[in-house]
Amino acid sequence: MTIPLWCLFVVSLMPIIAAGVGAKARLSLPGGLDNHTPRQQAAQLDGVGARAYAAQANAWEALAMFTVAVVINHLAQGAPGPSGLLALVFIVARFGHLAAYLANKSNLRSLSFGIGLLCCMGLVVLGALAP
């Protein structure tokens, strides 16, 4: 299995990690964790809990974009070395994005998002340039 495909698996876990942080915050609300109306309860969060749920939503969005980039690259047989490097940088950027989101560091969060976006675009370009 290629490095980008392994990275895709890791990225698929990121929304779950963010959800875990958000669930911990929801546990602290009156009545504890509400699995009957979780989105209504999440709307009551503030601070790190609210940011965790926002990070979770963004992680799902990034997963979709990264999936498309990895599949295009994989099917086109993009150069393995550069493709693996871009996928690994994407992972680092996304963990940075999550950490910056939770720490309320908006500029760092935007930088991490931008790096991840460039990695996805690079994966597609490598696929397009493949012989």
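Only a predicted model underlies this, so the values are computations on that prediction, with no experimental measurement involved.

S.K.: Pulling in residues and values, what's your account of the nonpolar core?
M.R.: The biggest cluster of nonpolar side chains holds 14 residues, and the ones touching the most others in it are V11, F66 and F90. Breaking this core down by element, the ones donating at least two residues are α1 (3–27), α3 (47–76), α4 (80–102) and α5 (106–129). Examining the composition of this core, we find that five residues originate from one element, α3, more than from any other. Setting aside residues up to four positions removed in sequence, F66 forms contacts with P4, C7, L8, V11, A87, F90, C120 and L123. Listed in part, the six residues of the second largest apolar core include M14, A55, A59 and L98.

S.K.: I'd like a rundown of α3, residues and numbers included.
M.R.: Under the 1.5 Å per step criterion, the end-to-end length of α3 is 43 Å for 30 residues, consistent within 8% with the ideal 44 Å. Backbone geometry just downstream of α3 places Q77 in the positive-phi region, at approximately 60 degrees.

S.K.: So what about α1? Which residues, and what values?
M.R.: Its 25 residues give α1 an end-to-end C-alpha distance of 37 Å, which sits within 8% of 36 Å, the value for a rise of 1.5 Å per residue. By the burial criterion, the buried members of α1 are P4, C7, L8, V11, M14, P15, A18, G22, A25 and R26. Along its buried surface, α1 packs onto α2 (38–42), α3 and α4.

S.K.: Could you give an account of unusual backbone geometry, with specific residues and numbers?
M.R.: The phi angle at Q77 is positive, at roughly 60 degrees, despite the residue not being glycine. Here Q77 shows up in the loop between α3 and α4. In the Ramachandran plot, N104 falls in the positive-phi region, its phi being about 65 degrees despite a non-glycine side chain. Along the chain, N104 turns up in the loop between α4 and α5.

S.K.: Could you give an account of the packing of aromatic side chains, with specific residues and numbers?
M.R.: Applying the stated rule across the entire model yields one aromatic pair. For the ring pair F66 and F90, a centre distance of 4.1 Å and an interplane angle of 0 degrees mean the geometry is stacked. Here the residue F66 occupies a position in helix α3, and F90 occupies one in helix α4, the gap between them amounting to 24 residues. By the burial criterion, F66 is buried, and F90 matches it. Across the ring face of Y101, the terminal group of R109 is positioned such that the distance to the ring centre comes to 4.2 Å.

S.K.: Before we move on, can you summarise the side chain of S112 with the specific residues and values?
M.R.: Among the secondary structure elements, S112 is positioned in helix α5. By relative accessible area, which is 8% here, S112 ends up buried. Ignoring sequence-local partners within four residues, the contact set of S112 consists of A93, G96 and H97.

S.K.: Describe the side chain of H97, naming the residues involved and giving the relevant values.
M.R.: Along the polypeptide, H97 turns up in helix α4. The contacts of H97, once residues within four sequence positions are left out, are N58, R109, S112 and F113.

S.K.: Tell me about the state of the cysteines, and name the residues and values.
M.R.: The bond known as a disulfide is covalent and runs between the sulfur atoms of two cysteines. This structure, assessed with the given rule, holds zero disulfides. C119 takes part in no disulfide bond, and the closest cysteine sulfur to it belongs to C120, at a distance of 7.0 Å.

How each quantity is defined
Residues numbered from 1 in each chain as written. Predicted model: local features only at pLDDT ≥ 70, side-chain atom pairs only at ≥ 80, totals over all residues. Heavy atoms only, no water. Core = buried A, V, L, I, M, F, W, Y, C linked by side-chain atoms within 4.5 Å. Buried < 20%, exposed > 50% of the residue type's maximum accessible area, 1.4 Å probe, protein only. Helix = DSSP H or I, 4+ residues; strand = E, 2+ residues; numbered from the N terminus. Contact = heavy atoms within 4.5 Å. Expected span 1.5 Å × (residues − 1). Phe/Tyr/Trp six-rings, centres within 6.5 Å; stacked < 30°, edge-to-face > 60°. Lys NZ or Arg CZ within 6 Å of the ring centre and 35° of its normal. Disulfide = S-S within 2.5 Å.

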